[in-house]
Amino acid sequence: MWDIIAVDISGRHRIGKEYYLVCAAVALSVSADHIEKIKQVAILPRCLKGNNRKGRGKLGGLQLTDIVQLIEDTTTKLNYKGTIVTEKGDMYNQPLWVSKSMFSGPFKYQESIAERRSIELAHHISLSARKLLLNELNIEVGQ
């Protein structure tokens, strides 16, 4: 068994001029193909404005540094040490060495079945928390 922190972020689609993101980090012990034990869960909502690109006044998307900071802020809420595991797409399909260099602790892309299942669990948590948040704040997604 080994210790990981599976991470997923929901809300990468702009609503108006902002992104309403929710990051879920799940601390687990896993074997090659099973989640053995869930230790802790942390959820962090964040509202970010789109970035301007090259001064053209166009509303751009989120930057990789925004995503890394959100993941770092969420995982520090856990009292747990483990390797942060994400899908490669969450890091804009950057090579592992690029993403790994941006984190303060160990980081990797998912490889095993258990890591995939762990990220799926984090996805369900982040998506559900975001839906609840949007509902409670009366934010219309179709804006």
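For the structure itself, look to the data block above.
A. Layout of the pattern of salt bridges. Enumeration according to the criterion identifies seven salt bridges in this entry. Among the salt bridges present, the one from R12 reaches D90, with a minimum N-O distance of 3.9 Å. Placement of R12 in the loop between β1 (2-10) and β2 (18-30) and of D90 in the loop between β4 (83-86) and α2 (96-102) is noted, with a sequence separation of 78 residues between them. A relative accessible area of 23% means that R12 is categorised as partly exposed. Take D90: its relative accessible area is 9%, and that puts it in the buried class. The partner of K108 in a salt bridge is E111, with the nearest N and O atoms 2.9 Å apart. Salt bridges linked by common partners bring E87, R116 and E120 together as one network.

B. Region of the structure containing helix α1 (residues 64-75). Helix length check: α1 (12 residues) gives 17 Å between terminal C-alpha atoms against 16 Å at 1.5 Å per residue, within 8%. Tucked inside the fold, the buried residues of α1 contact β1, β2, β3 (35-49), β4 and α2.

C. Structural context of the nonpolar core. Membership of the largest hydrophobic core comes to 24 residues, with the highest contact counts inside it found for V7, I9, L21, I71, L78, M91 and F103. Residue assignment for this core shows that the elements contributing at least two residues are β1, β2, β3, α1 and β5 (107-109). Ranked by size, the runner-up nonpolar core spans nine residues in total, among them I4, V85, A114 and A122.

D. Representation of the sheet that holds β1 within the structure. As summarised here, the arrangement of the five strands in space is β3-β2-β1-β4-β5, forming an open sheet in which the pairing is mixed. Edge positions in the open sheet fall to β3 and β5, since each of these has one partner strand only. Neighbouring strand axes in the sheet, compared pairwise and without regard to direction, differ in orientation by 25° on average. Relative to β5, β4 is paired through three bridges, and the arrangement is parallel. Its bridge partner lying in β5, V85 is registered against K108. Against the sheet, α1 engages β1, β2, β3 and β4, with an angle of about 130° to β3. Along the sheet face, helix α3 (residues 113-136) touches β1, β2, β3, β4 and β5 and points at about 40° away from the line of β1.

Rules used in this analysis
Residues numbered from 1 in each chain as written. Predicted model: local features only at pLDDT ≥ 70, side-chain atom pairs only at ≥ 80, totals over all residues. Heavy atoms only, no water. Salt bridge = Lys/Arg side-chain N within 4 Å of Asp/Glu carboxyl O. Helix = DSSP H or I, 4+ residues; strand = E, 2+ residues; numbered from the N terminus. Buried < 20%, exposed > 50% of the residue type's maximum accessible area, 1.4 Å probe, protein only. Expected span 1.5 Å × (residues − 1). Contact = heavy atoms within 4.5 Å. Core = buried A, V, L, I, M, F, W, Y, C linked by side-chain atoms within 4.5 Å. Pairing = 2+ DSSP bridges. Axes fitted to C-alpha atoms, helices over the stretch in contact; angles between N-to-C directions.

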